[in-house]
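Examining the three-dimensional arrangement
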Amino acid sequence: MRLAIEQARLGDQTPGAGEVGCVIVKDDEVYAAGHNEAHLRNDPTAHAEIVTLGKLGEKLKSIDFSCFTLYVTLQPRSMCAAACVWGKIGRIVYGATRHDVHSMYFDAKHLNADQLIADAYKENIELVGGVLARECAEFYYKPADQPPPEEEENH
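Numbering of residues starts from 1 in every chain and runs along the sequence as written. For this predicted model, a pLDDT threshold of at least 70 governs which residues receive local features, and a threshold of 80 or more governs which side-chain atom pairs are given and counted, while totals over whole chains, interfaces and linings are taken from all residues. With hydrogens and water set aside, each side-chain value is computed from the structure's full complement of heavy atoms.

Attention now goes to unusual backbone geometry. One non-glycine residue, Asp27, lies in positive phi territory at about 50°. In this model, Lys61 sits at a positive phi of 55°, which is unusual for a non-glycine residue. The helix count covers DSSP runs of H or I at least four residues long, the strand count covers runs of E at least two residues long, and both are numbered beginning at the N terminus. Within the element layout of this structure, Lys61 appears in the loop between α3 (48-60) and β3 (69-74).

With that out of the way, let us pick up the state of the cysteines. Note on terminology: disulfide denotes any pair of cysteine sulfur atoms within 2.5 Å. According to the stated counting rule, one finds 0 disulfides in the structure shown. Free cysteine Cys84: the closest other cysteine sulfur is in Cys80, separated by 7.0 Å. We note that Cys136 lacks a disulfide partner, and the nearest cysteine sulfur, in Cys22, lies 11 Å from it.

Here the focus is the packing of aromatic side chains. Stacked, edge-to-face and tilted are the three classes for Phe, Tyr and Trp ring pairs, Trp counted by its six-membered ring, which pair at centre distances within 6.5 Å; planes under 30 degrees apart are stacked, over 60 edge-to-face, the rest tilted. This structure, assessed with the given rule, holds 4 aromatic pairs. Taking 5.2 Å as the distance between ring centres and 70° as the angle between the ring planes, the aromatic pair formed by Tyr105 and Tyr140 counts as edge-to-face. Note that Tyr105 is positioned in the loop between β4 (91-96) and α5 (113-120) and Tyr140 in the segment after α6 (133-137), a separation of 35 residues in sequence. Neither Tyr105 nor Tyr140 differs from the other in exposure class; each is buried. Taken together, the aromatic side chains of Tyr31, Phe65 and Phe68 make up a single cluster linked through ring pairs. Only Lys NZ and Arg CZ are tested; either one counts as a charge over a ring when it is within 6 Å of the ring centre and within 35 degrees of the ring normal. One Lys or Arg, Arg98, reaches over the ring of Phe106 and ends 4.6 Å from the middle of that ring. Exposed residues in this analysis have more than 50% of their type's maximum accessible area, buried residues have under 20%, and partly exposed residues fall in between, with area computed by a 1.4 Å probe over protein chains only.

Further remarks concern the sheet that holds β3. Strands sit in the order β2-β1-β3-β4-β5 across an open sheet of 5 strands; the sheet is mixed. Strands with a single pairing partner mark the edges of an open sheet, and in this sheet they are β2 (29-35) and β5 (126-128). Within the sheet, the average angular offset between the axes of one strand and its neighbour, ignoring direction, is 15°. Two strands pair if DSSP finds at least two bridges between them. With 6 bridges connecting them, strand β1 (residues 21-26) and β2 associate as antiparallel partners. Its bridge partner lying in β2, Cys22 is registered against Gly34. Interaxial angles span 0 to 180 degrees and are taken between N-to-C directions of axes, which are lines fitted to C-alpha atoms, for helices over the stretch in contact.

Laid out in structure tokens, this is it:
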């Protein structure tokens, strides 16, 4: 998770990038790393998990990542959770949860992608949340904060 935090820091410091960091690991070796690049690429799908899954796919020339663990600094939302399902990620470990950060970071309809994975894909994907949550949450607005309206993309 500390490597995902480093990716979040890199994204936070990169103009046009974002503060969600992700690494994908197998047998203690990092195979791919990335951060949110949606604004950088003008691509609404370029979230940290999807960017990193894409890098892994290019490296492996495959879309089956069943032996890999994905570490991400923020609880995955529906699009990224679905990408992990389609990529057959074996394990997802995330830091900050929806209770640790402002609601603007999650789907407007309050979907709980982690609950969907835990319920529908529990035989396929191990899910671990809240790892280094406090350190991960430092990149995001807190639940009681009032972010500027122009930054609230999901509302």
